[in-house]
Amino acid sequence: MKKTNLPRLLLVLLCCLLAFPGNAGIAEDSRADASAARLPDSVLMTYYDHSMFAGDSLICMFRNYVRARQKTDPQYFAGIDFRCAYSFTLQMAAWEKVMESSSANLKYKAREMTLSQIAQTLQPEKIFVLAGLNDNFARKSKGETGIERGLRHVETAVGLLRKTVPEAGLFFISLTPVTKKIEDKRHIQELWNEYNRQLEEKCNELGIGYIDIADSLKDENGLLPGALSHDKEYHLNDAGNEIFAQVLLDYAQAQYEAGRWSPSLSESAAE
Amino acid sequence: MKKMLSVILVCFSVLLLTACGSRTAAVTPAETASAAVPAETAVPAGTEAPAENADTPQTLLSRVETAASDAKDLAYFTGDDLLDLLGIEPGEYTDLAFMQDTGMSGREIIALYAADEESAGHISQALNDYLERRRDETRNYAPEAYQVLSKAHVERKNLLFVLISGPDAEAETAALLAGE
């Protein structure tokens, strides 16, 4: 090749590079790619950094499971602040202030406070609520079904949280299934399935997140297997809580694939 | 002149290729600040790092792990949990071991050294209030746990406070207090 052709060749190459910049790959486009690679669990857990998980005994058991895992992995869902009481209800989630003192109230520094009061104090970036186990959906009252009453409480709770922590992402988690032992006694699984279905609709209507953990816990009969429950009734054991954790990780992955969350953005926001 | 132009064009092309190539991935684990803490530097929540010197007094955690055979199966709670659940501030104690089971058996261990007599007064009240709340919480909800917690009580020797619930609570408490 003659030496005089080299500059022209380089000029053509330069023009090609400037004309087709997308071939090298752009970070923002790949975030919305549904076939994006699965992020490592340690990265997915950061989706829950600066978040509050509030609820009843199911959240208490999940908290204890996370604490047990943190013995060997201190970063295991390390960014979650847990607030729970065994008998916490959706009705209590809708309280603006503590209506009556009881062990069922959530605590902040050993003081009884409502969900919205604690949220206002902590100002978490995300709030996840799991309650309803202690709300009697089978009971009709004042012309309102149990499910209608529960969803009314959800809507009130969301309204209070939007007032006290307007910037926080809000999420409700489905009820977990019951075991055969409880279903044979109370025949409530169908009712809880309907509540979960309507809860998801309500969350969509309110523009908040909904996380379904029920489906992943059900056996072929649509119930909670005894092998996943430590009391063989409602409450998850370590194996059940491992599934709960996996659902949370899958949810975070889904947010990433949908372009609604990027770990790098969370990191820079924290800085 | 032409040689210089060629060199400039080559350099610019190389720079352009390098800039595009560095943005091929949205995230890599190494880019995040949330990478797991390396095992050799990780310290379990609610504990102090194990003593390396034989003359260094044992931590409360290691003493509890010796006294209670199932301690390592329990969930270890942190000082933050102690503050939220009992209202005991970090400055009020010098050492802590706080554990619960991952089920609802009522099995629980709290051991802490009060920083001084003034803190000891508050710690005593806080532990007793907490025990009462746990009993109230489990009375109708988890009767088995309630039975276990009903038999528990707060013990003190010098500045050491111990609250243990479980089948071997008495022996475990005695073992911890014996070291004082």
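Above this text you will find the structure in question.
Since we're looking at a predicted model, the values are computed, not measured. (Residues numbered from 1 in each chain as written. Chains lettered and ligands numbered in written order. Predicted model: local features only at pLDDT ≥ 70, side-chain atom pairs only at ≥ 80, totals over all residues. Heavy atoms only, no water.)

Asker: With reference to specific residues and values, describe the overall build of chain B.
Answerer: Helix and strand counts for chain B stand at 6 helices and 5 strands. In sequence order, the secondary structure elements of chain B are arranged as α-α-β-α-β-β-α-α-β-β-α. Among the 180 residues that make up chain B, the fraction classed as buried is 43%. Here the analysis covers contacts within chain B between residues at least 6 apart in sequence; of these, 53% occur between residues at least 24 apart. Looking at chain B as shown, the accessible area adds up to about 9,500 Å², and 56% of this sits on carbon and sulfur atoms. (Helix = DSSP H or I, 4+ residues; strand = E, 2+ residues; numbered from the N terminus. Buried < 20%, exposed > 50% of the residue type's maximum accessible area, 1.4 Å probe, protein only. Contact = heavy atoms within 4.5 Å. Areas by Shrake-Rupley, 256 points an atom, 1.4 Å probe, with all protein chains shown as cover.)

Asker: Give a description of the pairing of strand S5 (residues 126–130) of chain A that names residues and reports values.
Answerer: Residue and element names in this part refer to chain A. By the criterion of burial, S5 is predominantly enclosed, with 5 of the 5 residues buried. Side chains Lys-126, Phe-128 and Leu-130 of S5 all project onto a buried face; the interleaved residues Ile-127 and Val-129 project onto the opposite face, where all are buried too. Relative to S5, strand S1 (residues 51–55) runs parallel, the two sharing 5 bridges. Residue pairing for S5: Phe-53 is matched across the bridge by Phe-128. Where S5 lies against strand S6 (residues 169–173), 4 bridges are found, and the strand directions are parallel. Looking at the pairing, Ile-127 lines up with Leu-170 of S6. (Pairing = 2+ DSSP bridges.)

Asker: Tell me what's going on with the sheet that holds strand S7 (residues 209–211) of chain A, and back it up with residues and numbers.
Answerer: Note on sheets: strands pair through backbone hydrogen bonds, and any given pair is parallel or antiparallel. Residue and element names in this part refer to chain A. Here we have 5 strands laid out as an open sheet, ordered S2-S1-S5-S6-S7, and parallel in their pairing. The open sheet terminates on both sides in strands that have one partner only, identified here as strand S2 (80–84) and S7. Each adjacent strand pair in this sheet contributes to an overall mean axis angle of 20 degrees, direction not counted. In terms of strand pairing, S1 meets S2 through 5 bridges, oriented parallel. Of the residues in S2, the one forming a bridge with Ser-51 is Ile-80. Packed on one face of the sheet, helix H9 (residues 189–206) meets S6 and S7 and runs near 155 degrees to S7. Helix H11 (residues 238–257) rests against S1, S5, S6 and S7 of the sheet, and its axis sits at about 140 degrees to S7. (Axes fitted to C-alpha atoms, helices over the stretch in contact; angles between N-to-C directions.)

Asker: Tell me about helix H4 (residues 117–138) of chain B, and name the residues and values.
Answerer: Residues and elements named next belong to chain B. Given a rise of 1.5 Å per residue, 22 residues ought to cover 32 Å, and the 32 Å separating the end C-alpha atoms of H4 matches this to within 8%. Buried residues of H4: Ser-119, Ala-120, Ile-123, Ala-126, Leu-127, Tyr-130, Leu-131, Arg-134, Arg-135, Glu-137 and Thr-138, and no others. The secondary structure elements touched by the buried residues of H4 are helix H3 (79–86), strand S2 (93–100), strand S3 (108–114), helix H5 (143–150), strand S4 (154–157) and strand S5 (160–165). At the N-terminal boundary of H4, the capping side chain belongs to Asp-116, with an oxygen 3.3 Å from the backbone nitrogen of Glu-118. (Expected span 1.5 Å × (residues − 1). Polar contact = N/O pair within 3.5 Å; in protein donor to acceptor, adjacent residues only side chain to side chain.)

Asker: I'd like a rundown of the pattern of salt bridges, residues and numbers included.
Answerer: Between side chains of opposite charge, a pair can form when the charged atoms approach closely. Residue and element names in this part refer to chain A. Applying the stated criterion across every chain yields a total of 22 salt bridges over all chains. Taking the shortest distance from any N to any O, the salt bridge between Glu-242 and Arg-69 comes out at 2.9 Å. In this pair, Glu-242 is assigned in helix H11 and Arg-69 in helix H4 (residues 57–69), connecting sequence segments 173 residues apart. Taking the relative accessible area as the measure of exposure, Glu-242 reaches 30% and is therefore partly exposed. Note on Arg-69: relative accessible area 31%, which makes it partly exposed. (Salt bridge = Lys/Arg side-chain N within 4 Å of Asp/Glu carboxyl O.)

Asker: Break down the state of the cysteines for me, with residues and values.
Answerer: All names here are of chain A. Evaluation of the coordinates by the stated rule reveals 1 disulfide over all chains. There is a disulfide in this structure between Cys-60 and Cys-84, and the S-S distance comes to 2.4 Å. Linking Cys-60 and Cys-84, the disulfide has an S-S dihedral of approximately 115 degrees and is accordingly described as right-handed. In this pair, Cys-60 is assigned in helix H4 and Cys-84 in strand S2, connecting sequence segments 24 residues apart. Grouping residues by exposure puts Cys-60 and Cys-84 together as buried. (Disulfide = S-S within 2.5 Å.)

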